Amino acid sequence: MTDHPLRNTPSLDAFWMPFTANRQFKAAPRMLVAAQGMHYTADDGRTVLDGTAGLWCVNAGHGRRGIAAAVERQLATLDFAPTFQMGHPIAFEFAERLAEIAPGGPDQRLDRVFFTNSGSESVDTALKIALAYQRAIGQGTRTRLIGRERGYHGVGFGGLSVGGIVSNRRVFPQLNGTDHLRHTHDPARNAFVKGQPEHGVELADDLERLVALHGAETIAACIVEPVAGSTGVLIPPKGYLERLREICTKHGILLIFDEVISGFGRLGSPFATDYFGVVPDLVTSAKGLTNGTVPMGAVFASRAVHDALMNGPDGIELFHGYTYSGHPVACAAGLATLDIYREEGLLTRAASLADDWAAAMHDLRGRKNVIDIRTIGLIAGIELAPRPDAPGKRAYDLFVDCFARGLLTRVTGDIIALSPPLILERGQIGEIVEMLGAAIDRVA
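The present account deals with the structure reproduced in this document.

Conventions we followed
- Residues numbered from 1 in each chain as written.
- Predicted model: local features only at pLDDT ≥ 70, side-chain atom pairs only at ≥ 80, totals over all residues.
- Heavy atoms only, no water.
- Phe/Tyr/Trp six-rings, centres within 6.5 Å; stacked < 30°, edge-to-face > 60°.
- Helix = DSSP H or I, 4+ residues; strand = E, 2+ residues; numbered from the N terminus.
- Buried < 20%, exposed > 50% of the residue type's maximum accessible area, 1.4 Å probe, protein only.
- Lys NZ or Arg CZ within 6 Å of the ring centre and 35° of its normal.
- Pairing = 2+ DSSP bridges.
- Axes fitted to C-alpha atoms, helices over the stretch in contact; angles between N-to-C directions.
- Contact = heavy atoms within 4.5 Å.
- Polar contact = N/O pair within 3.5 Å; in protein donor to acceptor, adjacent residues only side chain to side chain.
- Expected span 1.5 Å × (residues − 1).
- Core = buried A, V, L, I, M, F, W, Y, C linked by side-chain atoms within 4.5 Å.
- Patch = residues over 30% accessible without salt bridge, like charges linked within 9 Å, V, L, I, M, F, W, Y side chains within 5 Å.
- Areas by Shrake-Rupley, 256 points an atom, 1.4 Å probe, with all protein chains shown as cover.
- Salt bridge = Lys/Arg side-chain N within 4 Å of Asp/Glu carboxyl O.

Across all of its chains, the model carries 8 aromatic pairs by this definition. Between the aromatic rings of Phe 80 and Tyr 324, the centroid separation amounts to 6.0 Å while the plane-to-plane angle is 80°, which identifies the pairing as edge-to-face. One end of the pair, Phe 80, is in the loop between helix 3 (65-77) and helix 4 (89-100); the other, Tyr 324, is in the loop between helix 12 (303-308) and helix 13 (328-344), and 244 residues separate them in sequence. Residue classification places Tyr 324 among the partly exposed positions, given a relative accessible area of 47%. Positioned over the ring face of Phe 403 is Arg 46, at 5.0 Å from the centre of the ring.

What follows deals with the pairing of strand 10 (residues 282-285). The two faces of strand 10 match: Leu 282 and Thr 284 on one face and Val 283 and Ser 285 on the other face are all buried. As judged from the 3 bridges shared by strand 9 (residues 254-258) and strand 10, these two strands associate in the parallel manner. Counted as the bridge partner of Phe 257 is Val 283 from strand 10. The sheet contact formed by strand 10 and strand 11 (residues 297-301) spans 4 bridges and is antiparallel. Within strand 11, the position partnered with Thr 284 by the bridge is Val 299.

Each strand in a sheet pairs with its neighbour through backbone hydrogen bonds, running either in the same direction (parallel) or in the opposite one (antiparallel). Spatial strand order, 4-11-10-9-8-5-6: 7 strands in an open sheet with mixed pairing. In this open sheet, the two strands that pair with only one neighbour each are strand 4 (112-116) and strand 6 (178-181). Mean inter-strand twist for the sheet, computed between neighbouring axes without regard to direction, equals 20°. Strands in contact with helix 4 are strand 4 and strand 11; relative to strand 4, the strand with the most contacts, it is inclined by about 125°. Seen against the sheet, helix 10 (residues 240-251) touches strand 5 (144-148), strand 6, strand 8 (219-224) and strand 9 and runs at an angle of roughly 150° to strand 9.

Let us now look at the side chain of His 180. With respect to the secondary-structure elements, His 180 resides in strand 6. Polar side-chain contacts of His 180 include one of 2.9 Å to the backbone oxygen of Gly 163. Sequence-distant contacts of His 180, defined by excluding residues within four places in its chain, comprise Gly 147, Arg 148, Glu 149, Ser 161, Val 162, Gly 163, Gly 164, Arg 169, Arg 209 and Leu 210.

A few words now on helix 5 (residues 119-136). Relative to the 26 Å expected for 18 residues at 1.5 Å per residue, helix 5 spans 25 Å between its end C-alpha atoms, a close match to the ideal helical length. Here helix 5 lies mainly inside the structure; 13 of its 18 residues are buried. Positive phi appears at Gly 138, one or two residues downstream of helix 5, with a value of about 85°.

With 104 residues, the main nonpolar core has Ile 382 and Leu 436 as its most contacted residues. Element by element, the count of residues in this core is highest for helix 13, at 10 residues. Residues within four places of Leu 436 in sequence aside, it is in contact with Leu 364, Ile 382, Leu 398, Cys 402, Leu 407, Ile 416 and Leu 418. Residues Ala 126, Ile 129, Ala 130 and Ala 301 belong to the second largest nonpolar core, which totals 18 residues.

Another point: the side chain of Ser 269. By the secondary structure assignment, Ser 269 is in the loop between strand 9 and helix 11 (272-276). Residue Ser 269 is classed as buried on the basis of its relative accessible area of 9%. Separated by 2.8 Å, the side chain of Ser 269 and the backbone oxygen of Phe 271 make a polar contact. Among residues more than four places away in sequence, those in contact with Ser 269 are Asp 274, Tyr 275, Leu 347 and Thr 348.

This brings us to helix 10. Taking 1.5 Å of rise per residue, the 12 residues of helix 10 would be expected to cover 16 Å, and the 17 Å separating its terminal C-alpha atoms lies within 8% of that figure. If you follow the buried residues of helix 10, they end up packed against strand 5, strand 6, helix 9 (206-214), strand 8, strand 9 and helix 11. Taken from the residues just after helix 10, Gly 252 is the one with a positive phi, measuring 70°.

Moving on to a nonpolar patch on the surface. A surface patch of nonpolar side chains, about 410 Å² in accessible area, is lined by Phe 157, Val 171, Phe 172 and Leu 175. Its place among the elements puts Leu 175 in the loop between helix 7 (166-169) and strand 6.

Strand order in the open sheet formed by 5 strands is 7-12-13-16-15, and the pairing between neighbours is mixed. For this open sheet the edge positions go to strand 7 (193-194) and strand 15 (410-412), each flanked by a neighbour on one side alone. Set on the sheet, helix 15 (residues 393-404) makes contact with strand 13 (379-384), strand 15 and strand 16 (415-418); between it and strand 16 the angle comes to about 40°.

With that settled, consider the environment of Glu 208. If you trace the backbone, Glu 208 turns up in helix 9. Along the backbone, Glu 208 and Ile 101 are 107 residues apart, and their C-alpha atoms lie at a distance of 32 Å. Sequence-distant contacts of Glu 208, that is, excluding residues within four places in its chain, are made with Ile 247, Lys 250 and His 251. There is a polar contact of 2.9 Å between the side chain of Glu 208 and the side chain of His 251.

Take it as geometry only, folks, not as evidence of what the structure does.
Shown next as structure tokens:
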């Protein structure tokens, strides 16, 4: 076996980078070469505080030896086994462990788990399950899928179609039979709010409008992020998710929560479903599922949805799946991740830090060009006034400046998003705010 260490000056030409301005990046690369705990190491030796848990996924911090050891053991024992008409024990063990912490708790019984390889695949899987469910119960006319403006549900054609970020959609055709609720962002009434805004519950009634337009008998499911992350941290108004649940139940529409970002402790509860006390029919997950170490996703389905598909003739109940569904190495990483979450109390730790986090972030109010700050759990969105001639450039310059001085942030439009690992210490909250505030003073 030959090792292939990273060369000092690797060619950047071959890798077509995702969601990246490739020419801009390759002219001035930002390279990470190691990570441990709350920090990355850049290729020039600098330490960079991870303010984003990688990409919303490294909830237990970097370099966890327990996960690495579990992956190594699994590779040496069973590197791959199919799950099409076959099985291997660790997939069933991981599903059972996930069922124990399923969204909504044991009484809600969202404890049937379908494995995928990413958040995008989880979304497309949930949409397909919803369509299959409606057909299985004799509601085959229900083929329409409802998303929301400014929603992000990955990059598969299903997720793209119910998503609502225009730059992701404009080049690609979408599925027929989708429609969208209005988004909930209302800075005129809800700027600088800690937690859920007071105004906007009525926006959920958009679903009633779409029912009136299309007919309930055509709508299979409605999918929303409980907290919209990739579009810049949009927090649901008080009563909004409850209203959506009521309308979906009234009209026989399945409600899907996309918890790829909000799952596994980000809000201070295992899932946003638990935090808000609103239970959907399907929940998508990924990212924190394996602490970002091995690509994996999962869909939690209610017993009602699952069992409806088990009542037909003998044979394959759902013609859907992936070569790597329930991959043994990913399951090993996931089990080790759940052990860490349990042993260190990380699925609820954000609740004890949320007030300090919110207070510190809102101290940035009044800095130049900061027009809104939104916080919930261990998430923050700092919105900047766009430059008249270059929307998005102000926040991008801030992102670059922060990285150069040792802080990794996430930029989306003119919004800086923060979502640090759940092992964050209180002193590091102050460190993040100090570094971000100084960067705002310099470049914003």
